[in-house]
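Breakdown of the fold
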Amino acid sequence: EFGLFATTFRRVDGQEIVAPNALLASAKTVHNLRRSNSMWETTTLVVSYNTPMEDIEVLKGRIKAYVAENSRDWSG
């Protein structure tokens with residue numbers, strides 16, 4: 001629940017936590033935990049047969065780096 005001066009969060013166990021909006025506006029991170037199981041998404045990546053293997057390796061490295069930098073959002 002969002003209020004003028006504070007936001008109330010409800011944990012999975014029912015406990016409510018009230019946080020001042022000034023605290024949330026600072027560099028604090030809010031983790032959104034869901035009660036649902038892990039969700040997966042599949043993406044097909046099409047690469048031309050003529051693409052040099054070096055370019056594919058660079059792309060692979062960039063994807064791995066992105067996943068590592070955003071590990072909170074990606075797993076597996």
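What this report covers is the structure whose coordinates are included nearby. Keep in mind that this is a model prediction, so the values were computed, not measured. (Residues numbered from 1 in each chain as written. Predicted model: local features only at pLDDT ≥ 70, side-chain atom pairs only at ≥ 80, totals over all residues. Heavy atoms only, no water.)

What the protein contains, in helices and strands, is 2 helices and 2 strands. Moving toward the C terminus, one meets the helices and strands of the protein in the order β-β-α-α. A total of 76 residues make up the protein; the buried ones form 3% of that total. Here the protein has roughly 7600 Å² of accessible surface; of this, 55% comes from carbon and sulfur atoms. (Helix = DSSP H or I, 4+ residues; strand = E, 2+ residues; numbered from the N terminus. Buried < 20%, exposed > 50% of the residue type's maximum accessible area, 1.4 Å probe, protein only. Areas by Shrake-Rupley, 256 points an atom, 1.4 Å probe, with all protein chains shown as cover.)

Right, let's talk about the side chain of Thr-7 for a bit. Mapped onto the elements, Thr-7 comes out in strand E1 (residues 6-10). The buried category is assigned to Thr-7, whose relative accessible area is 3%. Here the side chain of Thr-7 touches Asn-21 through a polar contact of 2.6 Å, side chain to side chain. Non-local contacts of Thr-7, meaning those with residues more than four positions away in its chain, are made with Glu-1, Phe-2, Ile-17, Val-18, Ala-19, Asn-21 and Leu-24. (Polar contact = N/O pair within 3.5 Å; in protein donor to acceptor, adjacent residues only side chain to side chain. Contact = heavy atoms within 4.5 Å.)

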